[in-house]
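Descriptive analysis of the structure
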Amino acid sequence: MLKYDAIIIGFGKAGKTLAGELGNRGWKVAMIEKDPKMYGGTCINIACIPTKVLVHDGLHNVPYSEAINRKDSVVEKLRKKNYKKLADHDNVVIYESAAKFISDKEVEIEIAGKKEVLTAEHIFINTGAQSNIPPLEGDIKSDKVYTSTTLIDRKELPEQLAIVGAGYIGLEYASMYQSYGSKVTVISPDEELIPQEDQEIRTEVKKVLEEKGIRFILGAKAEKIKEADHDKVTLTLSNEEQLDANAVLLATGRKPNVENLGLENTAIKLTEDGAIKVDEHLETTVGNVFALGDVKGGMQFTYISLDDYRIVVDYLFGNKEYSLKTRKNVPYSVFIDPPLSRVGLTAKEAKEKGYEIAEGKLAVASHPRAHVINDLRGLFKVVIDKRTNQILGASLFGPESPELINLVKLAMDLEAPYTYLRDQIYNHPVMSESFNNLFAIDK
Ligand SMILES: Cc1cc2nc3c(=O)[nH]c(=O)nc-3n(C[C@H](O)[C@H](O)[C@H](O)COP(=O)(O)OP(=O)(O)OC[C@H]3O[C@@H](n4cnc5c(N)ncnc54)[C@H](O)[C@@H]3O)c2cc1C
Ligand SMILES: NC(=O)c1ccc[n+]([C@@H]2O[C@H](COP(=O)([O-])OP(=O)(O)OC[C@H]3O[C@@H](n4cnc5c(N)ncnc54)[C@H](O)[C@@H]3O)[C@@H](O)[C@H]2O)c1
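Bear in mind the structure is a predicted one, so any value in this text is a computation, not a measurement.

1. As for the confidence of the model for the chain
Averaged over every residue, the pLDDT of the chain is 97; the share at 70 or more is 100%. When mean pLDDT is taken per element in the chain, strand S18 (residues 289–291) scores highest with 99 and strand S13 (residues 222–229) scores lowest with 94. In the model output, the complex is listed with pTM 0.97 alongside ipTM 0.97.

This is the structure in structure tokens:
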């Protein structure tokens, strides 16, 4: 049995950052990653980075096959860099194997056909999530059926792409593949697109995506897939419509990676959603075993995984004050064209929580920067608390919103009154100066 100070399972954002930190503090660390193509984790290999390279190149008229090649080379570079950072660390040993718990503090791995048991007082689970496969009848195993991981490895642009699911992945891929010239149809059982977003914003998003040529079939389920000919499948929907496609993307959520992890051999418990159950410091139901990132459920973002690392470091070496309970506002962006960014509450959510609110609203077209960059699409909305003057939320659908939203998040975290963003001197002509008008709210 090999003894370490810490075992980290999964080379994701939290895991790799923690491995370096613990190693720097003199801990002997075992990092276990099952897939050599995943060194550095989901984000750099199959998710955020490759998809955003493709989003970028699609908007700059790069042909699809060239963009796929560039995406591959960016990923390769980042993967090597991530691997080297830990491989060169004197206190970190990398094992290429699937990890399986055989007891609360013992993990089995297999190297070159030989089983080995590792043990440590501290174990960190950072195994991420995987695509949900919806229960479709028929030829679900067809090579024309893809997940977000496999579609971006396809070298040839699908002429017709059908996307099942209209969440973050569904919309980002719809916008991205449409920009390369695919004819895209998005199918969702929900009657409305992105129902969690502000009503006016989601109407605007749908309008802009439809104007780009994306077709939405809402309120219908994809039920059956059938191979049609050598390069096509036919999807049958619950409304009896039939749809031909060269490729079908299943984008119906991602579930925590707990399969084959041997959790049944431990006292680690799962939530009802199948995620690893943790307390506010991310400790599981076994002392000194922690779960970080997508595998512990909740919001699935790289920066949440990084922030989980901060919580654990504060718990181990700090004053234990930073936790899921003290985490502040979390912004997010959906990288459609133009992007949608959000932080905090919508007006509806704020009213439901009992706030007396006022709203600010601005069409992107009314702002000089929009004319400079020749992109007038979109709508910005903000919600404030009438009583305290604090900002409760922002929904920014328009160019440059992924950068702008962090300004609003900062003001919210600092509990600044909305007038702070309204009366700020901004440089010109930039998008953030739109806050002079967006926050000019009539109370
Ligand atoms: C298409 C797509 C686009 C996305 N875009 C964005 C974006 O733009 N911005 C953003 O913030 N987030 C984005 N996300 C979400 C983001 O990628 C994830 O939230 C994040 O990568 C999760 O990181 P993690 O630390 O939980 O673990 P991961 O990075 O998922 O790492 C888990 C690792 O554990 C390994 N592993 C699993 N089981 C075992 C085992 N038993 N033994 C050993 N190793 C194991 C896996 O191989 C993997 O390398 C996107 C996701 C997808 C799918
Ligand atoms: N820009 C970003 O930060 C970014 C980009 C992509 C993904 N992500 C992360 O990845 C996660 C997963 O993304 P996602 O889009 O797969 O999940 P999601 O939860 O955002 O959306 C899933 C969609 O699939 C639909 N759905 C569920 N079951 C279905 C079925 N059987 N048939 C048809 N539709 C069905 C749901 O109604 C929902 O609209 C997100 O939660 C997000 O955190 C982030």
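2. Considering the nonpolar core
Of all hydrophobic cores here, the largest spans 39 residues; its most connected members are Ile163, Tyr177 and Val205. Looking at this core, the elements that each hand over two or more residues are helix H3 (48–59), helix H4 (64–87), strand S10 (160–164), helix H6 (168–180), strand S11 (183–188), helix H7 (199–212), strand S16 (247–250) and strand S19 (332–334). Of all the elements, H6 adds the most residues to this core, at six residues. Leaving out residues up to four positions away in the same chain, Val205 has contacts with Leu193, Ile194, Ile336, Leu340 and Phe397.

3. Overview of the state of the cysteines
Formally, a disulfide is one covalent bond, and it connects the sulfur atom of one cysteine to the sulfur atom of another. Summed over the entire model, instances satisfying the criterion amount to one disulfide. Shown here is the disulfide that connects Cys43 with Cys48, its sulfur atoms set 2.4 Å apart. Measuring the twist about the S-S bond at about -135°, one finds the Cys43-Cys48 disulfide to be left-handed. For Cys48, a relative accessible area of 25% puts it in the partly exposed group.

4. Brief notes about the UniProt feature "binding site: FAD" (unreviewed entry) in the chain
UniProt records the feature "binding site: FAD" (unreviewed entry) at Lys52 and Asp294, using the numbering of this structure. Note on placement: Lys52 falls in helix H3. Among the residues examined, Lys52 registers a relative accessible area of 25% and is labelled partly exposed. You can see Asp294 is positioned in the loop between S18 and helix H8 (302–317). Given the relative accessible area of 16%, Asp294 is considered buried. Contacts of Asp294, omitting those with residues within four sequence positions, involve Gly128, Ala129, Pro256, Met299, Gln300 and Phe301.

5. Quick word on H7
Helix length check: H7 (14 residues) gives 20 Å between terminal C-alpha atoms against 20 Å at 1.5 Å per residue, within 8%. Inspection of H7 places Ile201, Arg202, Glu204, Val205, Val208, Leu209 and Lys212 among the buried residues, and these make up the whole buried set. Across the axial projection of H7, the buried residues extend over an arc of 160°, all falling on one side. Where H7 is buried, its residues contact H6, strand S12 (215–218), strand S20 (340–344), strand S22 (379–385) and strand S23 (391–397). For H7, the capping residue at the N-terminal end is Asp198, with a side-chain oxygen 3.0 Å from the backbone nitrogen of Glu200.

6. Considering unusual backbone geometry
Between Asp337 and the following residue, Pro338, the backbone shows a cis peptide bond with an omega angle of -5°. With respect to the helices and strands, Pro338 occurs in the loop between S19 and S20. Backbone torsion omega between His428 and Pro429 reads 0°, so that peptide bond is classified as cis. For Ile194, which is not glycine, the phi torsion reads 30° and is therefore positive. As for its placement among the helices and strands, Ile194 is situated in the loop between S11 and H7. On the accessibility criterion, Ile194 (8% relative accessible area) is buried. The backbone of Asn288 sits at a positive phi, close to 65°, despite the residue not being glycine.

7. A word on the pattern of salt bridges
Within this structure, the stated rule accounts for 38 salt bridges. Notably, a salt bridge pairs Asp143 with Lys144, separated by 3.3 Å at the nearest N-O pair. Close ionic contact of Glu200 with Lys361 constitutes a salt bridge, the shortest N to O distance being 2.6 Å. Within this pair, whereas Glu200 is found in helix H7, its partner Lys361 is found in strand S21 (residues 357–363), the two being separated by 161 residues in sequence. Of the residues examined, Lys361 reaches a relative accessible area of 48% and is grouped as partly exposed. Overlapping salt bridges, with partners in common, bring together Asp198, Glu200, Glu359, Lys361 and Lys381 in one network.

8. So, the environment of Asp143
Along the chain, Asp143 turns up in the loop between strand S8 (137–138) and strand S9 (145–146). Considered as a pair, Asp143 and Asp244 are 101 residues apart in the sequence and their alpha carbons are 15 Å apart.

9. Focus: the environment of Ile94
For Ile94, the location among the structural elements is in strand S3 (residues 92–96). For the pair Ile94 and Phe11, spaced 83 residues apart in sequence, the C-alpha to C-alpha distance is 9.3 Å. Discounting residues that sit within four places of it in the chain, Ile94 has contacts with Phe11, Met31, Tyr39, Tyr83, Leu86 and Ala87.

10. A closer look at the domain arrangement of the chain
Taken domain by domain, the chain holds domain 1 (2–131 + 255–317), domain 2 (137–252) and domain 3 (332–438). The interface of domain 2 with domain 3 comprises 15 residues on the first partner and 19 residues on the second. Taken together, the links from domain 2 to domain 3 amount to five salt bridges. Across the domain 2-domain 3 interface, the total number found is nine residue pairs in polar contact (both at pLDDT 80 or more).

11. Digging into the site of ligand 2
In the region of ligand 2, 19 residues are neighbours, and Ile169, Glu172, Gly253, Gln300 and Ser333 sit closest. Residue Gln300 places a main-chain N or O atom 2.5 Å away from an oxygen atom belonging to ligand 2. Surface burial for ligand 2 is 75%, taken as the share of its 850 Å² of free accessible area covered by protein chains. Here the element with the most residues in the shell around ligand 2 is H6; it accounts for three residues. Broken down by class, the residue content of the shell around ligand 2 amounts to nine nonpolar, six polar and four charged.

What counts and how
Residues numbered from 1 in each chain as written. Chains lettered and ligands numbered in written order. Predicted model: local features only at pLDDT ≥ 70, side-chain atom pairs only at ≥ 80, totals over all residues. Heavy atoms only, no water. pLDDT = per-residue confidence, 0-100. Helix = DSSP H or I, 4+ residues; strand = E, 2+ residues; numbered from the N terminus. Core = buried A, V, L, I, M, F, W, Y, C linked by side-chain atoms within 4.5 Å. Buried < 20%, exposed > 50% of the residue type's maximum accessible area, 1.4 Å probe, protein only. Contact = heavy atoms within 4.5 Å. Disulfide = S-S within 2.5 Å. UniProt positions renumbered as here; feature names shortened; annotations may be inferred. Expected span 1.5 Å × (residues − 1). Arc of directions from axis to C-beta. Polar contact = N/O pair within 3.5 Å; in protein donor to acceptor, adjacent residues only side chain to side chain. Salt bridge = Lys/Arg side-chain N within 4 Å of Asp/Glu carboxyl O. Domains from an automatic or database assignment. Near = heavy atom within 4 Å. Areas by Shrake-Rupley, 256 points an atom, 1.4 Å probe, with all protein chains shown as cover. Nonpolar A, V, L, I, M, F, W, Y, C, P; charged D, E, K, R; others polar.

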